[in-house]
Amino acid sequence: MLLVIHWFLVMVLADTVAVAGEPAEDFLKRLRAAGYYDFAILYLDRLDQYPGVDASLREAVSLEKAQTYIDSAVSARSDSARDESFLAAEKQLAEFLERPSHPRRSEAQLQLGKLQLVRAAQLMSGKVDEIKRTKARESYLAASKTFDGIVEDLKTKLEQMQGQKIDAAKEPEKVALRDSYRGEYLQAQLNAGESRRLAAKAFDEPAKDGKKLLEEALTSFTDLSEKYDGYVQGAIAMLYRGQVLQELGKRDEALDSYIRMLEQADADPLRDAKFQATSGLIQLYLTDAPPKINQSIERGQPMLDNARPDEKRSQSVQQLRVDLARAYLARVADKDNQKAVDVKRAETESRQLLIAAGKVPGTHTAQAEALLAEIGISKDTQVELPAADDPKNFDESLAAGREYYKASEALQQSLSDLEKQKDVAPENVESVRKELEETRTIATIILRRGLSMVTPESDADSINQARFILTYLFYLQKRYRDSAVVGSYLSLKSPGNEMGLRGGLISLGSLQLLIAEAGSEDNEGLVGQLRDLGDYLSKTWPDNPEAAAAQGVMIKLALSKDRWDEAKALLEKMPTGKERAMFQRLMGQLLWNKSIQLRRQGTAEDSQELLLESDKLLQDASEMLKSGLDGIEGKLVDPEALTAALVLTKVYTRQDDYEGAIRTLDHEIYGPAKLIETQGAPTDGFKSDLYATELQAVVGRMTSDGGDPQQLLDRATKAMDNLRGSISGDDSQKRLTSIYMNMATDIRAQLDKSPPDRKSKLIDAFRVFLARIAQTSNDPATLQWVGQTLLQMGESSMAAGDKVAVGQAKELIESAVTTFENLKKESRDLPLNVEFQLGRGYRLLGRYSESIKTLENILLKKSSMLDAQVEAALAYEQWAAVTKPEYAAAAYKSALMGARPNANDPKKANTIWGWGQISILASRDPKFSEVFFDARYHVAFCRFMMGNAKKSNPEMEKAISDITQVAALYPEMGGPQQRQKFDALLKEIQKRLGLQADGLPQP
């Protein structure tokens, strides 16, 4: 009957696929995942009968059948069924490979090779004799030939593709095919080497009888790991390389390979390889004389502790458990040199590791059993589950379950007390923990048996109590799926009942933990269950605050996935009160974070759409934070609310609503500036963040209508003092400087977007403010910030095209230069960035000689400081334009080819590189592409001006060549604006030479 039901479901699902248009590949994968291999084969046989199936799948039926048979073989419970499935898979693969031109041919070849590997591995499992070893070697070597064939085939295809010019934008399918071929090529190389390594290990003495195979494998792994270490296959080859070297007795080289494997990025595809590499390290460490016991444990234990739930039954983790157990047993044997407490703990750890490894079948099992036997634990004496007497009826099971539950609570308290004691023996703690686990297990067994005996006469309250205890015990045992199922069922069967609510809440918590464990986006089923249960609890117990918290779980889930509209709709359903206000504040802060993220992304990508979306999220954040803060009940404020109020202040500041920002800071109930001293700071960095934000808000208010200017100035000065006092520690100066510089950048951004009348007011007000700070502070970081801000404001005030500052811009830059000069007098060891700003200030004032001298001093200390090199070349170039005609050519030459102004030995390399050298070095790194094109423009410009000053037409003709060479090599020439500059310069040169001013040809 069950088979008929399954068949009916499969046929219904198949029809649904055809009607709804669900991808057939996905349906096929779900059939295989569910273990319905016969149905999957039947579905593939009938594929032609279903409309809408992609042609590529129809053409690969035999390949999909092969995969299905392989999956069936892996899960088979008998040797005969497994062999039958493997044989069928090999037949299907052979049928598919008769079509040499199919695009998935290399995939099928890989599958055949893997099948040969799996069959060989099966022969090497269990009890192995010489006949099995010979057959396994033959299968491994057959696999190596299969993989060699794939390598040669794909190598030819990739070489052919290399000669083609593939346009990624116009031919994405060719790019995808090339990437697919490359991945399969590397995988085949890796598998070919691994097949030879495993064939060698099928000998009794691999290093002797299989040495040639090992050396061939080593050559392959070395090539892969050195040339392709940026790919997964290349990284994994480093592991196999270490294993071969270990087998060949090359200890140090193997150790180096394992360590290099472990130094790879912590990517999911490399995790299993890292477990194996750790095992290899431990094995090598323990063969040293004396054995490196502590290093073995220090390497192995953190790696094992970091294993994920889905990894804890893998073969690699079991082998690591066995090898780590060996390290702990070595510590026990070395008791004369170890602390007594460490030896006792090592005994317990080794026993637990070996028992855990022994419960998972695999090649490690014999090792685990042998080591357990050495410490007096045989397979027969291991206890799998605690015993529990069968209850006679439901009532008896509930009574027994209650007693075991009470006993478990008492044991939990004893365990907690023991763990708090300093000198308690580890084995005593472990004994209590084990007894606690056994007691909980017995309780769950008894309660489940009892619930299966429920009759119509059984008391409903008693049934609910049994279900609740069972739900809670499952939760304590971290059996979250069981806990979620039983707890959810209990809540549905007991609407309005307190026991039903409790069971539902535990189920809700279990579902949350399951979603967290999933660790990916592929958890929509669990999310759906969580959503339905949370909605049910909030509707069924509408007046209960804990049930309302269930709605909060759904809000958090929606917020975690940036589902703002869904979260807002859920919030509106929540009753007005403390819980709703708290979630409004949370959502407001997340909206703020997302808005800032989009603004940075939009600025980097020059995307107006992202900036508009950022502004919308900012407005939503403002409304949500204001509602959440106004919903606070009473006078006392939670630390979380202070943080939310500070974020609202930042939102208002970003929106140029400085009055609203200051009003929020000073609010009676939640104002952080008002409450910081009485309430305390929620986090370590809160005070510095608060005072920096307050300073921005006050400065912004100084430029708007209203408010007492003197009062605002006094408050700004106080905020600055508070900011200095809020930062302490060894790196306080560095942190304070960073804050000041970020503030200067923000002020520059405000200036850039301000209309002229407001910009002027902002500059005047801020000049007074900066002067006040400079007069009252001797702090170098503060004065550096003052100079930086003055310089940035001065540059912002310069008209487009101005090379030398005039008017208000000149006054600001002169103040900045004075500030930097005073700092230089006070400190000989001035930071390079401050010296750089001084040199830049000199150039903007037209003081070119001082600028070049200052910049050269920087470059003598750090010649690679690219900003300073660009600034020095620009200073020479601008100086050439205003110097006496007889010196102009020499100055342009220095800008172009570099100089060493203060050098006694003219043969030494130039300190200042000049535009030519800058362009050469910038061309080597794509991130300096903007510098490169700008430098190439100045190369042409300086060459032209130098030729003009010398009245040399050949020199000016070289400038034309400079431009046309860039156009030939880089047709886009750095973008439309840069191309326009090159074009204008070329036309000017052509006119000067009496040529037709055509400029650059149209792209």
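Residues numbered from 1 in each chain as written. Predicted model: local features only at pLDDT ≥ 70, side-chain atom pairs only at ≥ 80, totals over all residues. Heavy atoms only, no water.

Student: Help me understand the overall build of the protein chain in this model?
Tutor: When helices and strands are tallied, the protein chain shows 45 helices and 0 strands. A total of 1003 residues make up the protein chain; the buried ones form 47% of that total. Within the protein chain, contacts between residues at least 6 apart in sequence are counted, and of these 60% link residues at least 24 apart. (Helix = DSSP H or I, 4+ residues; strand = E, 2+ residues; numbered from the N terminus. Buried < 20%, exposed > 50% of the residue type's maximum accessible area, 1.4 Å probe, protein only. Contact = heavy atoms within 4.5 Å.)

Student: Before we go on, may I ask you to explain the packing of aromatic side chains in this structure?
Tutor: The geometry of an aromatic ring pair comes down to the distance between the two centres and the angle between the two planes. Tallied over the entire structure, the rule returns 11 aromatic pairs. Here the aromatic rings of phenylalanine 221 and tyrosine 240 are separated by 5.3 Å at their centres, their planes lie at 50°, and the arrangement is tilted. Taken together, the positions of phenylalanine 221 in helix 11 (residues 211–227) and tyrosine 240 in helix 12 (residues 232–247) put the pair 19 residues apart, joining distant regions of the chain. Measuring from ring centre to ring centre gives 6.4 Å for tyrosine 937 and phenylalanine 941, while their planes differ by 15°; the resulting arrangement is stacked. Here the residue tyrosine 937 and the residue phenylalanine 941 both occupy positions in helix 43 (residues 929–950), the gap between them amounting to 4 residues, near one helical turn. Each member of the aromatic cluster is reached from another via a ring pair, and the members are Tyr892, Tyr937, Phe941 and Phe982. Sitting over the face of the ring of phenylalanine 203, arginine 137 holds its NZ or CZ atom 4.0 Å from the ring centroid. The side chain of lysine 981 reaches across the aromatic face of tyrosine 937, ending 4.4 Å from its centre. (Phe/Tyr/Trp six-rings, centres within 6.5 Å; stacked < 30°, edge-to-face > 60°. Lys NZ or Arg CZ within 6 Å of the ring centre and 35° of its normal.)

Student: For this particular structure, what's the right way to read the nonpolar core?
Tutor: One broad trend across soluble globular proteins is that nonpolar side chains are buried collectively. In this structure, Ile555, Met587, Leu629 and Ile813 are the most contacted members of the largest nonpolar core, which totals 74 residues. Sequence-distant contacts of leucine 629, that is, excluding residues within four places in its chain, are made with Arg585, Ala641, Ala644, Ala645, Leu648 and Tyr670. The next biggest cluster of nonpolar side chains, apart from the first, holds 72 residues, and it includes Ala143, Leu154, Leu190 and Ala368. (Core = buried A, V, L, I, M, F, W, Y, C linked by side-chain atoms within 4.5 Å.)

Student: Mind showing me how you'd approach the packing of helix 27 (residues 578–605) against helix 29 (residues 639–654) here?
Tutor: In helix packing, the relevant descriptors are the interaxial angle and the interaxial distance, both defined with respect to the helix axes. Where helix 27 contacts helix 29, the axes come no closer than 10 Å and their chain directions differ by 40°. One finds that helix 27 runs oblique with respect to helix 29. Judged by the twist between their axes, the crossing of helix 27 over helix 29 is left-handed. Contacts from Met582, Arg585, Gln589, Trp592, Ile596 and Arg599 of helix 27 reach helix 29 at Glu640, Ala641, Thr643, Ala644, Val647, Lys650, Val651 and Arg654. Of the residues belonging to the contact of helix 27 with helix 29, the class tally is 7 nonpolar, 2 polar and 5 charged. (Axes fitted to C-alpha atoms, helices over the stretch in contact; angles between N-to-C directions. Parallel < 35°, antiparallel > 145°, perpendicular 65-115°, else oblique. Left-handed = near helix turned anticlockwise from the far one by under 90°. Nonpolar A, V, L, I, M, F, W, Y, C, P; charged D, E, K, R; others polar.)

Student: Please explain the environment of tyrosine 536 as it appears in this structure.
Tutor: If you trace the backbone, tyrosine 536 turns up in helix 24 (residues 524–540). Ignoring anything within four residues of it in the chain, the contact list for tyrosine 536 reads Ser491, Leu492, Pro495 and Trp541. There is a polar contact of 2.7 Å between the side chain of tyrosine 536 and the backbone oxygen of serine 491. (Polar contact = N/O pair within 3.5 Å; in protein donor to acceptor, adjacent residues only side chain to side chain.)

Student: Hey, could you run me through the pattern of salt bridges in this one?
Tutor: Under the definition given, this model contains 38 salt bridges. With a shortest N-O distance of 3.2 Å, arginine 196 and glutamate 216 are connected by a salt bridge. Here glutamate 216 lies in helix 11 and arginine 196 lies in helix 9 (residues 172–201), a separation of 20 residues in the sequence. On the accessibility criterion, arginine 196 (16% relative accessible area) is buried. With a closest N to O distance of 2.7 Å, arginine 241 and glutamate 226 form a salt bridge. Residue arginine 241 is located in helix 12, and its partner glutamate 226 is located in helix 11; the two are separated by 15 residues in the primary sequence. (Salt bridge = Lys/Arg side-chain N within 4 Å of Asp/Glu carboxyl O.)

Student: Honestly, unusual backbone geometry in this entry has me stumped. Any pointers?
Tutor: Outside of glycine, negative phi angles account for most residues, and trans bonds account for most peptide bonds. Omega for the bond connecting alanine 289 with proline 290 falls within 30 degrees of zero, at -5°, which places this linkage in the cis form. Mapped onto the secondary structure, proline 290 falls in the loop between helix 14 (271–287) and helix 15 (293–305). In the Ramachandran plot, aspartate 656 falls in the positive-phi region, its phi being about 65° despite a non-glycine side chain. As for its placement among the helices and strands, aspartate 656 is situated in the loop between helix 29 and helix 30 (658–665). Note on aspartate 656: relative accessible area 38%, which makes it partly exposed. In this model, lysine 951 sits at a positive phi of 55°, which is unusual for a non-glycine residue. On the secondary structure map, lysine 951 appears in the loop between helix 43 and helix 44 (953–969). With a relative accessible area of 69%, lysine 951 lands in the exposed category.

Student: Can you walk me through the side chain of serine 614 in this structure?
Tutor: Structurally, serine 614 is set in helix 28 (residues 608–630). Given the relative accessible area of 1%, serine 614 is considered buried. Residues within four places of serine 614 in sequence aside, it is in contact with Ser595, Leu598 and Arg599.

Student: Can you walk me through the environment of alanine 267 in this structure?
Tutor: Inspection of the secondary structure assignment puts alanine 267 in the loop between helix 13 (251–262) and helix 14. With relative accessibility at 29%, the residue alanine 267 sits in the partly exposed group. C-alpha separation for the pair alanine 267 and valine 232, spaced 35 residues apart in sequence, amounts to 9.0 Å.

Student: Is there a simple way to explain the confidence of the model for the protein chain in this structure?
Tutor: Atomic detail in the predicted coordinates should be set aside for any region of low pLDDT. For the protein chain, mean pLDDT is 80; residues scoring 70 or higher make up 85% of the total. Confidence scores differ between elements of the protein chain, with helix 1 (residues 2–20) showing the lowest mean pLDDT of 37 and helix 40 (residues 866–882) the highest of 93. Below pLDDT 50 for its whole length, residues 1–22 participates in 23 contacts with residues either more than four positions away or in separate chains. (pLDDT = per-residue confidence, 0-100.)

Student: How do you make sense of helix 15 when you look at a structure like this?
Tutor: Every α-helical turn comprises 3.6 residues, leaving residues that sit three or four positions apart pointing alike. Between its first and last C-alpha, helix 15 extends 18 Å over 13 residues, near the 18 Å set by a 1.5 Å rise per residue. Those residues of helix 15 that fall on the buried side of the exposure criterion are Ile293, Ser296, Ile297, Gly300, Gln301, Met303 and Leu304. One face of helix 15 carries all of its buried residues, which in axial projection span an arc of 165°. (Expected span 1.5 Å × (residues − 1). Arc of directions from axis to C-beta.)

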